[in-house]
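Each chain, written out:
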Amino acid sequence: VLEGSVRRSGDQIRVTAQLIDVSDGSQIWSETYDRELSVDNVFEIQDGIAVRVADALNLRLLPAESALLAGDGPANLRALDLYLDGSYHLRRIATGQSNSRATFETATKNFEAAIAADPDWPAPHAALGRTYHFRIGNLDDADPAEVLRTSKVHVMNAIELDENYGPAYGSLGYILATSGDYTGAMQAFDQARGFSAEATWPRAILLLGLGRHDEAIVEYRRAADLDPLGVPVRLQLATAYLCAGRFEEAIESIESEDRRGTTDLSVWWDMLLSESYLRAGEKDRGLQIAIEAIEESGDELYGAYLMALAGEIQRARAILGSREIDGTDAYLRASWAWAVLGDENQTLTMLERAAESASSESQPL
């Protein structure tokens with residue numbers, strides 16, 4: 001494990017790094033850097049630490065990794081500070097930790113200020129585009145069509161500044177997928193992967209949406225390896241196992257999940273676990289989890305779907321007949337339940353209404 005600290009006082013910086021053998025806690029290597037920080041050497045410091053660590057582990061950096069270390073940075077430290085602060089808030093949004101308006105506004109303002117401080121640096125342009133994209137589905141007053149246009153402008157600015165900037169192509173893939181251009185999105189994600197690993201997760205999402213489940217699982221595993229703390233990634237990996245009919249693997253991945261600090265998503269783990277058990281033929285276990293999850297979440301339409309899967313036909317029909325169904329997600333959940341119940345007419349009706357609702361919201365299903 002590599003651990004260390006960074007302390008900064010004005011233009012002076014001290015970076016301490018050490019490698020620890022976790023089997024016995026012994027120190028393998030350590031070094032302290034006392035440097036004068038400037039825009040000219042900030043990446044030199046990073047490169048120096050990375051290379052020394054690699055040498056200490058007797059590793060050889062791959063060409064792609066070396067290229068990333070040698071990438072162009074900002075023209076001044078203010079742009080870097082603003083970008084890093086904005087990136088912290090953007091990560092909270094992307095990982096589901098916070099979707100508050102304040103978080104979006106803070107990320108947006110920092111990226112805009114970073115661009116003002118260094119207009120020729122592509123990183124804040126791409127990050128600002130991605131921040132706008134995440135407004136869809138998170139902020140109620142976000143107009144999807146307008147948000148996508150704004151997002152694409154910022155992402156294309158980044159690509160114009162640096163045609164090899166991988167994260168910009170990853171963001172472009174998001175935009176094209178949301179716009180319904182799945183072929184273009186896949187091309188953008190593939191191009192992004194040549195320069196950056198950041199496109200792995202969105203590429204997995206697109207593969208899952210296209211029904212290419214086994215390929216999606218491979219990508220989700222890569223994304224989880226790259227971001228071990230990314231709860232939504234692992235949640236979607238479990239979903240991919242379920243969609244692929246690999247129910248035992250879905251159960252294993254969910255049961256082994258450490259849910260500490262993920263209370264907001266806990267009920268979704270339970271919903272997936274319930275469905276996995278039901279589809280694996282373990283009705284009693286699946287039904288027990290379903291009842292508890294429905295009570296906790298209040299998502300009765302998902303509950304109707306789970307009840308139908310459990311063979312609780314009357315309970316499923318009672319839920320579907322007792323509440324008003326409105327909105328794209330609600331129509332889709334109802335269509336799942338009616339499909340399991342074998343009612344083709346109701347299933348098609350719900351899907352048609354879902355399509356109409358999605359069209360009016362300017363976003364694809």
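Note that this is a predicted model, so its numbers are computed, not measured.

About the cut-offs
- Residues numbered from 1 in each chain as written.
- Predicted model: local features only at pLDDT ≥ 70, side-chain atom pairs only at ≥ 80, totals over all residues.
- Heavy atoms only, no water.
- Helix = DSSP H or I, 4+ residues; strand = E, 2+ residues; numbered from the N terminus.
- Buried < 20%, exposed > 50% of the residue type's maximum accessible area, 1.4 Å probe, protein only.
- Contact = heavy atoms within 4.5 Å.
- Areas by Shrake-Rupley, 256 points an atom, 1.4 Å probe, with all protein chains shown as cover.
- Expected span 1.5 Å × (residues − 1).
- Axes fitted to C-alpha atoms, helices over the stretch in contact; angles between N-to-C directions.
- Parallel < 35°, antiparallel > 145°, perpendicular 65-115°, else oblique.
- Left-handed = near helix turned anticlockwise from the far one by under 90°.
- Salt bridge = Lys/Arg side-chain N within 4 Å of Asp/Glu carboxyl O.
- pLDDT = per-residue confidence, 0-100.
- Pairing = 2+ DSSP bridges.
- Nonpolar A, V, L, I, M, F, W, Y, C, P; charged D, E, K, R; others polar.
- Core = buried A, V, L, I, M, F, W, Y, C linked by side-chain atoms within 4.5 Å.

As a further point, take the overall build of the protein chain. Each helix and strand counted, the protein chain has 18 helices and three strands in total. Within the protein chain, the fraction of its 365 residues that count as buried is 45%. Pairs at least 24 apart in sequence give 50% of the contacts found in the protein chain among residues at least 6 apart. Of the roughly 19,000 Å² of accessible surface on the protein chain, 48% is carried by carbon and sulfur atoms.

The terminal C-alpha atoms of helix α17 (residues 328-341) lie 20 Å apart, and with 14 residues this matches the ideal 20 Å at 1.5 Å per residue to within 8%. Along α17, the residues classified as buried are Thr 328, Ala 330, Tyr 331, Arg 333, Ala 334, Ser 335, Ala 337, Trp 338 and Leu 341. A positive phi of about 85 degrees marks Gly 342, the residue just after α17.

To continue, consider helix α13 (residues 266-279). With 14 residues, α13 extends 20 Å from end C-alpha to end C-alpha; this agrees with the ideal 20 Å at 1.5 Å per step. Among all positions in α13, only Ser 266, Val 267, Trp 269, Asp 270, Met 271, Leu 272, Leu 273, Ser 274, Glu 275, Ser 276, Tyr 277 and Leu 278 are buried. Taken together, the buried residues of α13 touch α11 (231-243), α12 (247-255), α14 (283-297) and α15 (300-309).

Angle between the axes and distance between the axes: these two values describe a pair of packed helices. Where α13 meets α15, the axes come as close as 9 Å, and the angle between the chain directions of the two elements is 20 degrees. With respect to α15, the element α13 is oriented roughly parallel. As for how α13 packs across α15, the hand of that crossing is left-handed. Touching Trp 268, Met 271, Leu 272, Ser 274, Glu 275, Leu 278 and Arg 279 of α13 are Tyr 302, Tyr 305, Leu 306 and Leu 309, all from α15.

Our next topic: the pattern of salt bridges. Scanning the model with the defined rule gives 16 salt bridges in all. The residue Glu 257 makes a salt bridge to Arg 234 at a minimum N-O spacing of 2.4 Å. You can see Glu 257 sitting in the loop between α12 and α13 and its partner Arg 234 sitting in helix α11, a full 23 residues away along the chain. Relative accessible area serves as the criterion here: at 13%, Glu 257 is assigned to the buried category.

On average, residues of the protein chain score 86 in pLDDT, and 90% of them reach the 70 mark or higher. By mean pLDDT, helix α2 (residues 63-69) is the weakest element of the protein chain at 43, and helix α4 (residues 101-117) is the strongest at 97. Note on residues 60-70: pLDDT is under 50 here. Beyond four places in sequence and across chains, it has six contacts.

Turning to the sheet that holds strand β1 (residues 2-9), a few remarks are in order. Consider a sheet: its strands pair through backbone hydrogen bonds, and that pairing is either parallel or antiparallel. Pairing within the open sheet is antiparallel, and its three strands lie in the order β1-β2-β3. Edge positions in the sheet fall to β1 and β3 (26-36), since each of these pairs with one other strand and no more. Direction aside, the axes of adjacent strands within the sheet are offset by 10 degrees on average. In this structure, β1 lies alongside strand β2 (residues 12-21), joined through eight bridges in antiparallel fashion. Note that in β2 the partner of Ser 5 across the bridge is Thr 16.

Before going further, it helps to examine the packing of α12 against α13. Remark: α12 packs on α13, axes separated minimally by 9 Å, with the N-to-C direction vectors making an angle of 150 degrees. One element, α12, and the other, α13, form an angle in the roughly antiparallel class. Seen along the crossing, α12 lies across α13 with a hand that is left-handed. Taking contact as the criterion, the partners of Phe 247, Ala 250, Ile 251, Ile 254 and Glu 255 in α12 are, on α13, Trp 269, Leu 272, Leu 273, Ser 276, Tyr 277 and Arg 279. Looking at the contact of α12 with α13 residue by residue, the class counts come to eight nonpolar, one polar and two charged.

With 67 residues, the main nonpolar core has Tyr 83, Phe 111, Phe 134, Ala 168 and Tyr 220 as its most contacted residues. No other element matches the eight residues that helix α3 (residues 77-94) contributes to this core. Not counting residues within four places of it along the chain, the set of residues in contact with Tyr 83 comprises Phe 111, Ala 114, Trp 121, Ala 123, Pro 124, Ala 127 and Tyr 165. If you look at the next biggest cluster of nonpolar residues, it comprises 38 residues, including Leu 235, Ala 238, Ala 310 and Met 350.

Before going further, it helps to spend a moment on the pairing of β2. Count of turn residues in the β1/β2 antiparallel hairpin: two residues, of which Gly 10 carries a positive phi of about 65 degrees. When β2 meets β3, the two strands line up antiparallel, connected through 10 bridges. Looking at β3, one finds that Ile 13 is bridged to Arg 35. Linking two consecutive strands that pair antiparallel, namely β2 and β3, is a turn of four residues; a positive phi of about 80 degrees is found at Gly 25 within it.

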